[in-house]
Amino acid sequence: MTPALAVHDLRLLIGGAAVVDGVGFAVAPGEVMALVGESGCGKSLTAHAIMRLLPDAVRQDRGYVALDGDNLSVLSERQMRLVRGRRMSMIFQEPQAALDPLSTVGAQVAEGTGSPLRQARAAVLAMLDEVGIADPARRIDQYPFELSGGMCQRVMIASALIARPAVLIADEPTTALDVTIQAQILDLLRRLAIERGTAIVLITHDMGVVADIADRVAVMYAGRIAETGDTAAIFARPRHPYTALLLAALPRRTDVPRSRLAVIEGRVPAPSEFPTGCRFAGRCPLADARCRAETPLLREVARGHLSACWHAEAVR
Amino acid sequence: MSGAPALRVTDLAVHYPARNGPPVRAVDGISFALEAHETLGLVGESGCGKSTVARAIVGLQTVTHGSVMVDGTEIVGAGRAALRAARAGMQMVFQDPVTSLNPRMTVGAAVGEPLLVRGLARGAALRERVALLLTECGLRPEDAARYPHQFSGGQRQRIVIARALALRPALLVCDEPVSALDVSVRAQILNLLVDLQRAHGMACLFVSHDLAVVRHVCDRVAVMYLGHLAELAPRDALFSAPRHPYTRALLAAVPEPDPVAQRAKPRVPLVGEIPSPARMPSGCRFHTRCPMAQPVCRETEPAWREVGASMVACHFPNE
Ligand SMILES: Nc1ncnc2c1ncn2[C@@H]1O[C@H](COP(=O)(O)OP(=O)(O)OP(=O)(O)O)[C@@H](O)[C@H]1O
Ligand SMILES: Nc1ncnc2c1ncn2[C@@H]1O[C@H](COP(=O)(O)OP(=O)(O)O)[C@@H](O)[C@H]1O
Ligand code: SF4
Ligand code: SF4
Ligand SMILES: [Mg+2]
Ligand SMILES: [Mg+2]
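Throughout what follows, the structure given in this document is the object of discussion. Because the structure is a prediction, the values reported are computed rather than measured.

With that settled, the discussion passes to helix H11 (residues 241–248) of chain A. The element H11 of chain A is extensively covered by neighbouring structure, given that 7 of its 8 residues are classed as buried. Elements in contact with the buried residues of H11 of chain A: helix H9 (207–213), strand S9 (216–221), strand S10 (224–230) and helix H10 (231–236) of chain A together with helix H6 (183–200) of chain B.

In structure tokens form, the structure reads like this:
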């Protein structure tokens, strides 16, 4: 089956540094793929590159994105504008900031249909209802400041989905929300994937969110994919030292309170300081001379489970 | 003063006046005590009043009514001199390590300032104390000469903690101390806080919205909802046998980093959103979202009472 979205060997440069380097993955219709990693590892830039909305400072010098098999890099900016919002949409972390403060909820959601609100009103009301907004007939004429953060996120999801795109890119859609509201939004995303067959790329730094909703995961570190595979497999047996440490660093309900949490010494290097070889070598307990000299490429270590580590077999 | 708890908060309320309409009842009558050496977690959703409680305790917030006794000394309405004396015994660590440090002050000057200002150390003795504090917090003595912008977020939080510990406070109030940090760095800071508390035995009020973190570091946990305490219980009781419907909903909503456990969990989604503290619901303030609500909940505010080892404000707690 042709994947709904395929990203091939993406490389993004800022100055001379490859802040995203060789990133690739595919998402099937109805699948939720999580992109996880710590701050600055390149998750949002990858998302913006998929939408072809990169900031000026960033240059893409390699790779391409395909939607349902169609290579997007051959499209003009005008053609791309028709793709965004219709075939592929994006939602962001700060829903209040992403919505237009001077435009009503209804007008913003209607934009995705290409028709004015007068004509699209019924469709907008149905969409607001579908994303769980209570009393849509009242909310449709309100402005973003009259809504809570959770409601703004629902409005953003409604406007991203009204044209029934095949792909949704969600960049930390629940990070700014409380856990009780987060649970509601994750339930909504899950329902969209199942009922509409939307392919979802969910960017997050929260392993709990990944465990809850993702079918597959790609763990990013310093601009590269460290490990990728089925969610169950990655949590059961991580094959990259970074993933293993990230999971061990989390306090869990089954831990002895105040027991020592695993730490990853040091910190993520800045793009200008990326070392040659494995970018995790400076913090990795398994690093050796080969790791510092040669870049490990993603390789299959179990069926459908890929790790970019020379010592993947020795992890834990 | 021995015998008195490290902190006793009684019927504390902070109402923010609003330009038009009723005041925001951010904190609306809460009571608890904190023994020496004890860590109490304060959890709840954003806007429920956690930070306002923290600021009121360290005297950074005008209090509407109620009492805050730190080591037996009243903070509410205390004069400048009394407040200054009390502040030596309590320190606060905030969420954002970037804005809590003066960018033009070296790390050494920042960490040593509380000692210098109170005339407790100067010159070589001061430098020695600073070096010790930095080492204790996982930094190097040489770092004293550098400026905050030269450090990462996690290192800056270490600096803030070193400064807070300079006067060896008996009470440490931490407001979301690890919320702005990445997972790997968060683990370093949590380990540090656990070590420091073992070494110095200060009492600690630990404000956080992250229940996993709170379970890891706290002896007891207070759950706050709309300016009130819903439940206060020893850690294990709270996590294994939550009595208040809100505590149960909150625990159910936290996604576990374990796909098998997480997907097997019964889903008890809480409907709706937290109401505005300027328009408090009648009766039990949780009744608009509570799956257990009965007619009486809309009319009568539940009393704050003991159920087993826990304190709960609910007409129908899990017994
Ligand atoms: N417009 C820009 N100009 C210069 N550098 C940038 C720009 N946007 C991002 N970067 C840098 O590129 C790298 C990747 O950034 P990105 O925003 O993709 O990270 P992220 O994984 O989304 O992090 P977070 O979890 O903090 O959102 C970082 O080093 C960041 O500082
Ligand atoms: N200085 C202030 N003026 C007016 N309202 C405030 C002020 N600070 C906080 N509030 C309000 O008081 C309530 C509690 O806020 P806060 O204590 O910051 O909550 P938390 O720390 O639990 O997120 C919120 O409704 C908030 O908007
Ligand atoms: S390649 Fe080497 S340094 Fe990189 S993660 Fe694997 S063992 Fe560690
Ligand atoms: S008093 Fe009633 S509404 Fe309030 S928490 Fe208890 S059951 Fe729910
Ligand atoms: Mg980002
Ligand atoms: Mg707060």
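Working definition: two side chains of opposite charge can pair if their charged atoms are close together. Residue and element names in this part refer to chain A. Evaluation of the coordinates by the stated rule reveals 33 salt bridges over all chains. Close ionic contact of Glu 31 with Arg 216 constitutes a salt bridge, the shortest N to O distance being 2.8 Å. Taken as a pair, Glu 31 in the loop between strand S2 (17–27) and strand S3 (32–36) and Arg 216 in strand S9 lie far apart in primary sequence, 185 residues in all. Residue Arg 138 is joined to Asp 135 by a salt bridge in which the shortest nitrogen-to-oxygen separation is 3.0 Å. Note on Arg 138: relative accessible area 43%, which makes it partly exposed.

Residue and element names in this part refer to chain B. By the criterion of burial, helix H1 (residues 50–57) is predominantly enclosed, with 6 of the 8 residues buried. Those residues of H1 that sit buried are Lys 50, Thr 52, Val 53, Ala 54, Ala 56 and Ile 57. Remark: Gly 59 follows H1 within two positions and exhibits a positive phi of approximately 80°.

Attention shifts here to the site of ligand 1. Residues and elements named next belong to chain A. In the vicinity of ligand 1, the residues found are Ile 14, Ser 39, Gly 40, Cys 41, Gly 42, Lys 43, Ser 44, Leu 45, Pro 55, Ala 57, Glu 172 and Pro 271. Separating an oxygen atom of ligand 1 from a side-chain N or O atom of Ser 39 is a distance of 2.6 Å. With respect to ligand 1, the backbone of Gly 42 contributes an N or O atom lying 2.9 Å from an oxygen atom. Tallied by class, the residues present in the shell around ligand 1 amount to 6 nonpolar, 4 polar and 2 charged.

Okay, the site of ligand 4 next. In the vicinity of ligand 4, 13 residues are found, and the nearest of them are Cys 284, Cys 290, Cys 297, Cys 314 and His 315 of chain B. Classifying every residue of the shell around ligand 4 by side-chain character gives 10 nonpolar, 3 polar and no charged.

On to unusual backbone geometry, then. Glycine aside, negative phi is the norm for most residues, and most peptide bonds take the trans geometry. Residue and element names in this part refer to chain A. At Arg 52, a position not held by glycine, the phi torsion is positive, near 55°. Along the chain, Arg 52 falls in the loop between helix H1 (43–50) and strand S4 (58–67). Overall, Arg 52 belongs to the partly exposed group, its relative accessible area being 28%. The phi dihedral of Glu 172 is positive, around 50°, even though this residue is not glycine. Residue position: Glu 172 is located in the loop between strand S7 (167–171) and helix H8 (179–196).

What follows deals with the interface of chain B and chain A. Counting residues at the interface gives 42 residues for chain B, matched by 47 residues for chain A. For the pair chain B and chain A, the two sides together bury roughly 3,800 Å², of which 50% comes from carbon and sulfur. Inspection of the region where chain B meets chain A yields 5 salt bridges. In this structure, Arg 260 of chain A and Asp 195 of chain B form a salt bridge, with 3.2 Å as the shortest nitrogen-oxygen distance. At the junction of chain B with chain A, the criterion picks out 24 residue pairs in polar contact (both at pLDDT 80 or more). Going through the elements one at a time, H6, helix H7 (211–217), helix H9 (245–253) and helix H10 (259–264) of chain B are the ones with two or more residues in the side of chain B that touches chain A. It is H6 of chain B that contributes the most residues to the side of chain B that touches chain A, 10 residues altogether. When its residues are assigned to classes, the side of chain B that touches chain A shows 17 nonpolar, 12 polar and 13 charged.

Definitions and limits used
- Residues numbered from 1 in each chain as written.
- Chains lettered and ligands numbered in written order.
- Predicted model: local features only at pLDDT ≥ 70, side-chain atom pairs only at ≥ 80, totals over all residues.
- Heavy atoms only, no water.
- Buried < 20%, exposed > 50% of the residue type's maximum accessible area, 1.4 Å probe, protein only.
- Helix = DSSP H or I, 4+ residues; strand = E, 2+ residues; numbered from the N terminus.
- Contact = heavy atoms within 4.5 Å.
- Salt bridge = Lys/Arg side-chain N within 4 Å of Asp/Glu carboxyl O.
- Near = heavy atom within 4 Å.
- Polar contact = N/O pair within 3.5 Å; in protein donor to acceptor, adjacent residues only side chain to side chain.
- Nonpolar A, V, L, I, M, F, W, Y, C, P; charged D, E, K, R; others polar.
- Buried area = accessible area lost by both parts, 1.4 Å probe.

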